[in-house]
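Architecture and fold: a report
The primary structure of each chain is shown beneath.
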Amino acid sequence: MDEILKKYKVIICAGSGGVGKTTIAAALAVRAAESGMNVLVLTIDPSRRLATSLGISKDIDQDVFVPQQKFKGKLYAAVLNSKKTFDDFVMRCATNPEVAKKFMKNRLYIQMSTKLSGSQEFTAMERLYSSFESAKYDLIILDTPPTKHAVDFLRAPQKLNAMFTQSMSQWLIGAQEKSKSFFSRFLGPSQVFRILAKVTGAQFVDELVDFFQNIQAWQEKVGQRTIDVHRLLTSEKTGFVLISSFDSNKIEEAKYFYKEIQRDGHHLAGVIINRSLPVWGRTEKEGPSKLANYYEEFVKYYSERENSFVEFQRSVAPGTSFVRIPDFNQDVSGLESLTEISHLLVGGRA
Amino acid sequence: MKTQKIAFVTGKGGTGKSMVALSMAYHQAVLGKKTLLVELAESSFFQFLTDKIQLDFAPQEVKSNLYVSRWDGATCLRDYFLHLVRSETLLKIIFDNPFMKTLVDVGPSLSELAIVGKITSGAREIGPQMDFDLIVIDAYATGHMLALIRAPFGIAEAVKIGPMATQCRDIIKTLRDKEVTSYYIVTIPEELAITESIELWNALNLEIGVIPKFICNKLVMPPITKTELIELSREPIGEGASGFIKFILDKVEFQAVQLEKIKDLAGPVVEIPHFLTAKSTDLVDKMSWYLKI
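None of these values were measured; they are calculated from a predicted model.

1. So, the overall build of chain A
Scanning chain A for helices and strands turns up 17 helices and eight strands. For chain A, buried positions account for 57% of its 350 residues. In the form shown here, chain A has an accessible surface area of approximately 15700 Å², with 51% of it arising from carbon and sulfur atoms.

2. So, the pairing of strand β8 (residues 321–326) of chain A
Looking along a regular strand, one sees the side chains alternate between the two faces of the sheet. All names here are of chain A. For β8, the tally of buried residues reaches five of six residues, placing the bulk of the element in the interior. When strand β7 (residues 268–276) meets β8, the two strands line up parallel, connected through five bridges. The residue bridging Ser276 from the neighbouring strand is Pro326, located in β8.

3. Comments concerning unusual backbone geometry
Residues and elements named next belong to chain B. The phi torsion at Asn65 lies on the positive side, around 75 degrees, for a residue other than glycine. Position of Asn65 among the secondary structure elements: in the loop between β3 (60–63) and β4 (66–71). The exposure class assigned to Asn65 is partly exposed, which follows from its relative accessible area of 23%.

4. A look at the pairing of strand β7 (residues 213–219) of chain B
Residues and elements named next belong to chain B. β7 sits mainly inside the fold: five of its seven residues count as buried. Both strand β6 (residues 181–187) and β7 contribute to a ladder of four bridges, which runs parallel. Residue pairing in the sheet places Ile185 in a bridge with Phe214 of β7. Viewed along the sheet, the connection from β6 through helix α8 (residues 191–208) into β7 turns out right-handed. Inspection of the sheet shows β7 paired to strand β8 (residues 270–273) by three bridges, in the parallel sense. By the bridge assignment for β8, Cys216 is matched with Glu271.

5. Description of the side chain of Thr238(A)
Residues and elements named next belong to chain A. Relative to the helices and strands, Thr238 is located in strand β6 (residues 238–245). Among the polar contacts made by the side chain of Thr238, one reaches the main-chain carbonyl oxygen of Leu232 at a distance of 2.6 Å. Leave out the neighbours within four places in its chain, and Thr238 touches Tyr8, Val10, Ile12, Leu232, Leu233 and His267.

6. Observations concerning helix α17 (residues 335–347) of chain A
All names here are of chain A. Along its 13 residues, α17 runs 18 Å from first to last C-alpha, staying within 8% of the 18 Å computed at 1.5 Å per residue. Along α17, the positions that sit buried rather than exposed are Leu335, Leu338, Thr339, Ile341, Ser342 and Leu345. What you see down the axis of α17 is that its buried residues fit within an arc of 165 degrees, all on one side. Exposed and oriented more than 90 degrees from the buried face of α17 are Glu336, Glu340 and Gly347. Against α2 (21–34), α3 (48–54), β4 (74–79), β7 and β8 lie the buried residues of α17.

7. A look at the packing of helix α6 (residues 142–158) of chain B against α8(B)
Residues and elements named next belong to chain B. Orientation of α6 relative to α8, taken along the N-to-C sense of each, is 5 degrees, at an axis distance of 11 Å. When the interaxial angle is binned, α6 and α8 end up roughly parallel. The segment α6 lies against α8, with Thr142, Leu146, Ile149, Arg150 and Phe153 engaging Glu196, Leu200, Ala203, Leu204, Glu207 and Ile208. Considered class by class, the residues forming the contact of α6 with α8 number seven nonpolar, one polar and three charged.

8. Let's talk about the nonpolar core
All names here are of chain B. Counting 61 residues, the largest nonpolar core has Phe8, Leu40, Trp71 and Ile137 as the members making the most contacts within it. Take this core: its biggest share by element is nine residues, from α6. Contacts of Ile137, omitting those with residues within four sequence positions, involve Ile6, Ala7, Phe8, Val9, Val38, Leu40 and Ile119.

9. Concerning the packing of aromatic side chains
Pairs of aromatic rings are described using the distance from one ring centre to the other and the angle between the two planes. The final tally for this structure, using the stated rule, is 17 aromatic pairs over all chains. Seen in terms of ring centroids, Tyr294(A) and Phe244(B) are 6.5 Å apart; in terms of plane orientation they differ by 50 degrees. Their pairing is tilted. Within this pair, whereas Tyr294(A) is found in helix α16 (residues 292–315), its partner Phe244(B) is found in helix α10 (residues 239–266), the two belonging to separate chains. Judged by its relative accessible area of 0%, Phe244(B) is buried. Judged by centre distance (5.7 Å) and plane angle (75 degrees), the ring pair of Phe45(B) and Phe48(B) falls under edge-to-face. Classification of Phe48(B) by relative accessible area gives partly exposed; the value is 33%. Each member of the aromatic cluster is reached from another via a ring pair, and the members are Tyr294(A), Tyr295(A), Phe298(A), Phe244(B) and Phe247(B). A cation over a ring is seen here: Lys34(B) above Phe132(B), with NZ or CZ 5.1 Å from the ring centre. It is Lys118(B) that lies over the ring of Trp71(B); its NZ or CZ is 5.4 Å from the centre.

10. Describing the sheet that holds strand β5 (residues 139–143) of chain A
Residue and element names in this part refer to chain A. Read across the sheet, eight strands follow the order β3-β4-β2-β5-β1-β6-β7-β8 without closing on themselves; strand pairing throughout is mixed. The strands lining the two open edges of the sheet, one partner per strand, are β3 (64–65) and β8. Of the strand pairs in this sheet, strand β2 (residues 38–43) and β5 are connected by four bridges, and their pairing is parallel. Bridged to Val39 within β5 is Leu139. Against the sheet, helix α14 (residues 248–263) engages β1 (10–14), β6 and β7, with an angle of about 165 degrees to β6.

Definitions and limits used
Residues numbered from 1 in each chain as written. Chains lettered and ligands numbered in written order. Predicted model: local features only at pLDDT ≥ 70, side-chain atom pairs only at ≥ 80, totals over all residues. Heavy atoms only, no water. Helix = DSSP H or I, 4+ residues; strand = E, 2+ residues; numbered from the N terminus. Buried < 20%, exposed > 50% of the residue type's maximum accessible area, 1.4 Å probe, protein only. Areas by Shrake-Rupley, 256 points an atom, 1.4 Å probe, with all protein chains shown as cover. Pairing = 2+ DSSP bridges. Right-handed = clockwise from strand over helix to strand, strands pointing away. Polar contact = N/O pair within 3.5 Å; in protein donor to acceptor, adjacent residues only side chain to side chain. Contact = heavy atoms within 4.5 Å. Expected span 1.5 Å × (residues − 1). Arc of directions from axis to C-beta. Axes fitted to C-alpha atoms, helices over the stretch in contact; angles between N-to-C directions. Parallel < 35°, antiparallel > 145°, perpendicular 65-115°, else oblique. Nonpolar A, V, L, I, M, F, W, Y, C, P; charged D, E, K, R; others polar. Core = buried A, V, L, I, M, F, W, Y, C linked by side-chain atoms within 4.5 Å. Phe/Tyr/Trp six-rings, centres within 6.5 Å; stacked < 30°, edge-to-face > 60°. Lys NZ or Arg CZ within 6 Å of the ring centre and 35° of its normal.

What follows is the structure in structure tokens.
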């Protein structure tokens, strides 16, 4: 894992929900700082205790120098504040800040920004890119938002871009212009509006048109940003670390994700299997008498996953590092326990 | 006609909420209730239940009394529009337009509103009706679940007059009616999951005024008591064996601490063991025993 930390400028910790991405991201950052780098870890939703030990919170929008660190390098951390990141982006896009400020009070904008920032994919990318652009760090480690499928995260920017680039906005705005030729050329719009107004009420349609007229201004900027982010994510500078738990569904998911990122031209740097069975389970044959059956079931359960894991490992390109982190049975949050994990990441067996 | 009941099953990703929703629906179906299990997802998780039928918008019977259906914003909206305009041709004009697709994708909360409108349509007796005693929703994870439930509240506030406003108020009434709608938060005995579940419980409770029930999944339940475990751990046995006992004992203790937090908040919790079986179909059978709700 040490090599990975040196090789890339950006490391993206991907994986489906509930596999311990945030903790692993933090542990990787600790290791990077230990080996003398200036590193930033961008977390999405850290547990309260992890946030406390990193000295970060949702209300602090800046990168924080993690307190009480004794590393050779410097460890910075931040929590993604989606609403703020999104508003900042809108302000930067606007040609006229006054208009932007007014628009931000639009009720539909508030709803949309909550939805978009609530989904976090866009804002995570935006925050990553602006940190990267600032060139303040040797390495940025991004913890990704909790998605049902790890791939959803990668698809988000394209999805957003599609929403702006599809002819839809122009189409809608065009429909409101008092141009007779327009209506005579297209029958659709007026029909759609009539039906929409019937179902939702005229007030809603008015608000909607106003809303889309406003966001049209961002179209070009969002498009450019999407391209920039995509370029960064597919470049040699960015490595993906796939995190999975020791669970057959998650391992299947990891296989699928691996295929997808290969196809999209991203680089897989490593695979971390979190919460595997501690070593005793694989080496000892006999369980204690009263628990014998239960022990057997437990070991069988894990060895089934072991097989599927080994199969996955074989299918991945050689040179990709594989690491296992055993089930710790406790909450990992302090800098010390993160350091412990980071050592497992480096020296861990595969 | 009896009112159609609604059960929302939500929870953090990775807690096994889909399996819980399925087991819950399965149990009700076995009891003789005509049950519809709805998944809100872009692709079907429940497809493994049947290799004969492709699961999609229209409910399909997968077991006696148990129907499965997959909904998203676009299909729900389409369904509702068809009910209003009653013309496939008009519907085509609207939905074949790129405008509509984008509108549903980003149009503030429209997608969520369409879904929650469809979910409550039976109870409200509005829109196309479906003949079921119970609808179990395998709903979104935490944040998206809140967005779903908040949609009618947000729109009712933004749009005060017109048919949409009236409907929103109606939906809200149904979502708040504890005789009709119940909420289940699936969690696992881990710090992060428990914290997130508590936040979700508080948000649903404060904003919507409902009282969700907790279901704690994947609890390690050894066949002997904790006292026996402690005794065992003191016996001189092989290193590997004592490692296992310590692992289980630690787990049991850690779990108890986590469980206590949600019990303090919401009272009794439905506890489901971590089944050491790989097959999904076996799992449903076993799990449904614990879900006699």
